[in-house]
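# Analysis of the macromolecular model
Spelled out, the chains give:
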Amino acid sequence: MNVLVTGGAGYIGSHVCVELLEQGHNVTVFDNFSNSSRNVLERISQVAGKRPSLYEGDLRKAQNIGCAILTHKPDAVMHFAGLKAVGESVIKPLDYYETNVSGTVNMLKAMQAFNVNHLVFSSSATVYAPPTTPDDLPLTESSALGPVSPYGRSKLAVEHVLADYAAANPYASIAMLRYFNPIGAHPSGLIGEDPKGIPNNLLPYIAQVAVGKLPHLTLLGHGFDTPDGTGIRDYVHIMDLAEGHLAALDYLTAGFEGCFAMNLGTGQGHSVLEVIAAFERASGKTIPIVEGTPRPGDIAVCYADASKAQELLGWKATCTLADMCADAWRWQSRNPEGYGRRQ
Ligand SMILES: NC(=O)c1ccc[n+]([C@@H]2O[C@H](COP(=O)([O-])OP(=O)(O)OC[C@H]3O[C@@H](n4cnc5c(N)ncnc54)[C@H](O)[C@@H]3O)[C@@H](O)[C@H]2O)c1
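Structural notes, computed from the coordinates. What you see is a predicted model; the values in this text were computed from it and never measured. (Residues numbered from 1 in each chain as written. Predicted model: local features only at pLDDT ≥ 70, side-chain atom pairs only at ≥ 80, totals over all residues. Heavy atoms only, no water.)

## Overview of the pattern of salt bridges
- Scanning the model with the defined rule gives nine salt bridges in all.
- Between E159 and R178 there is a salt bridge, with the nearest N and O atoms lying 2.6 Å from each other. Placement of the pair is E159 in helix 6 (residues 150–168) and R178 in strand 6 (residues 173–179), with a sequence separation of 19 residues. Judged on exposure class, the residue E159 and its partner R178 are both buried.
- For R330, the salt bridge identified is with D327, shortest N-O distance 2.6 Å. Remark: D327 and R330 occur in helix 11 (residues 321–334); sequence separation between them is three residues, near one turn of the helix. (Salt bridge = Lys/Arg side-chain N within 4 Å of Asp/Glu carboxyl O. Helix = DSSP H or I, 4+ residues; strand = E, 2+ residues; numbered from the N terminus. Buried < 20%, exposed > 50% of the residue type's maximum accessible area, 1.4 Å probe, protein only.)

Spelled out as structure tokens, the structure:
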């Protein structure tokens, strides 16, 4: 199949490109490199033995995504391009709605114009209302929705757009995958997460402390109602997540018409202290910790009910936290500066 991967140069998209290429698909990356490096394309080819095509363009420009779809005639689109920093979304909400929502509408119009019906969309567990009692967990696809940030609301807005579009278009075939906390890297150590500036997420932060780029990890909250007092999240290996996308694509192209939402997580939570300990074991490094204060709105525990993905797609995460840390460390220690200077 020809697959267009928007945001294919980014963290999740690059790992999915490898899986697609290895399974024999033709891949075109559509990216504006606003949060990624061009060097990733060479690394993808090194891992997969085949180079994806590139269409450099901006999703906010309808003509760019229209030309990409007209030129590459994809059978399916995997849609990762978007902005994803919760804190930044509070300061720049319009940028988030413009890229995430208007950008997706531009893409859908182009898909409709050229009869491209299969779409896998990167949604997020942030679309759920924060779980406040143990009864709220695990989060199933029918748990209450109620994102608390502009980022989360932009993701939920896209889900509404996609559901409405699918209701009006009988051929639409759409999977909305709600990721929990993707971490880790490709086991080759050639591709991984390369955040710009100070990382917003726990694992890349720990990895940069371990490699000596940052002095210590600030523990954002140690007073939660959990066994060790730190927040618990559902971490899922990036390679498991990538396989989930391939399974979703297979499901769509096997004849599914309509639109569904699905959790991609392990169904198991790990505390911040457990993640630090696992990373210390994987890297042989000690992570210095400084006590900080919780971020506003942070919750104690969040993890998925991942049974729908297993029932419908036959997908189940198999990697352990130790695997995730070992692969993240291999990537970080071999590439302390990530992909190097962004070009
Ligand atoms: N990483 C996570 O923890 C996580 C969790 C849940 C959902 N998601 C979603 O998954 C998707 C991918 O996440 P990621 O971690 O790979 O992010 P990323 O920032 O590494 O990748 C996004 C890619 O999209 C590109 N991009 C951004 N705006 C663009 C535009 N206007 N036009 C074209 N390309 C553009 C960036 O250059 C980048 O290569 C995002 O939509 C994100 O919201 C991520």
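So much for the structure itself; the text now carries on.
## Thoughts on helix 9 (residues 272–283)
- An ideal rise of 1.5 Å per residue puts 16 Å on 12 residues; helix 9 measures up with 16 Å between its terminal C-alpha atoms.
- Within the span of helix 9, buried status applies to V272, V275, I276, A278, F279 and S283. Taken down its axis, helix 9 places every buried residue within 165° of arc, on the same side.
- On its buried face, helix 9 sits against helix 7 (202–210), strand 8 (217–219), strand 10 (235–237), strand 12 (270–271), strand 13 (289–291) and helix 11. (Expected span 1.5 Å × (residues − 1). Arc of directions from axis to C-beta. Contact = heavy atoms within 4.5 Å.)

## Focus on the site of the ligand
- With respect to spatial proximity, 27 residues lie near the ligand, and among them D31, N35, S36, K84 and Y151 are the closest.
- Within the contact set of the ligand, a nitrogen atom lies 2.9 Å away from a side-chain nitrogen or oxygen of D58.
- Within the side chain of Y151, a nitrogen or oxygen atom sits 2.6 Å from an oxygen atom of the ligand.
- When the ligand is considered free in solution it has 820 Å² of accessible area, and contact with the protein chains removes 95% of it.
- Within the residue set of the shell around the ligand, elements represented by two or more residues are helix 1 (11–22), strand 5 (118–124) and helix 6.
- Per-element tally for the shell around the ligand: the top contributor is strand 5, with three residues.
- Taken together, the residues that form the shell around the ligand break down as 10 nonpolar, 12 polar and five charged. (Near = heavy atom within 4 Å. Polar contact = N/O pair within 3.5 Å; in protein donor to acceptor, adjacent residues only side chain to side chain. Areas by Shrake-Rupley, 256 points an atom, 1.4 Å probe, with all protein chains shown as cover. Nonpolar A, V, L, I, M, F, W, Y, C, P; charged D, E, K, R; others polar.)

## Focus: the nonpolar core
- Grouped together as the largest cluster of nonpolar side chains are 47 residues, with contacts concentrated most on V5, I12, V16, L20, M78, L177 and W315.
- Ranked by the residues each element gives to this core, the list is headed by helix 8 (residues 238–253), at nine residues.
- Discounting residues that sit within four places of it in the chain, L177 has contacts with V120, F121, S122, S123, S124, G244, H245, A248, M262 and L264.
- Counting residues in hydrophobic clusters, the runner-up holds 25 residues, among them L4, I69, V158 and A261. (Core = buried A, V, L, I, M, F, W, Y, C linked by side-chain atoms within 4.5 Å.)

## Focus: the packing of aromatic side chains
- Enumeration according to the criterion identifies eight aromatic pairs in this entry.
- Among the aromatic residues, those joined into a ring-pair cluster are Y251, F256 and F260. (Phe/Tyr/Trp six-rings, centres within 6.5 Å; stacked < 30°, edge-to-face > 60°.)

## Remarks on the environment of M78
- Note that M78 resides in strand 4 (residues 76–79).
- Considering only alpha carbons, one finds M78 and Y165, 87 residues apart in sequence, at a separation of 16 Å.
- Sequence-distant contacts of M78, that is, excluding residues within four places in its chain, are made with V3, L4, V5, T6, V16, L20, V120, H245 and L249.

## As for the environment of F180
- Summarising the element assignment, F180 is placed in the loop between strand 6 and strand 7 (181–183).
- Sequence separation between F180 and Y303 is 123 residues; the distance between their C-alpha atoms is 7.3 Å.
- Ignoring anything within four residues of it in the chain, the contact list for F180 reads A125, Y128, L139, D234, N263, L264, G265, C302, Y303 and A304.

## Details of unusual backbone geometry
- Of note, the amide linkage connecting L137 to P138 takes the cis form, showing an omega dihedral of -5°.
- Checked against the element boundaries, P138 lands in the loop between strand 5 and helix 6.
- Positive phi, normally seen in glycine, also occurs at K73, with a value near 45°.
- Mapped onto the elements, K73 comes out in the loop between helix 3 (62–72) and strand 4.
- On the basis of relative accessible area, K73 is assigned to the exposed category, the value being 57%.
- The phi angle at N115 is positive, at roughly 55°, despite the residue not being glycine.
- Position of N115 relative to the elements: it lies in the loop between helix 5 (93–113) and strand 5.

## Re the sheet that holds strand 2 (residues 26–31)
- Ordered by their spatial adjacency, seven strands build an open sheet running 3-2-1-4-5-6-11, and the pairing between neighbours is parallel. Among the strands making up the open sheet, the edge pair consists of strand 3 (53–56) and strand 11 (258–264). Within this sheet the neighbouring strands show an average axis-to-axis angle of 20°, counted without direction.
- Its contacts with the sheet put helix 8 on strand 1 (2–6), strand 4, strand 5, strand 6 and strand 11, and the angle it makes with strand 6 is roughly 160°. (Pairing = 2+ DSSP bridges. Axes fitted to C-alpha atoms, helices over the stretch in contact; angles between N-to-C directions.)

## Structural notes on the side chain of T6
- Looking at the element boundaries, T6 is found in strand 1.
- A distance of 3.1 Å separates a polar side-chain atom of T6 from the backbone nitrogen of A81.
- Residues in contact with T6, not counting those within four places in the same chain, are F30, I65, V77, M78, H79, F80, A81 and M107.

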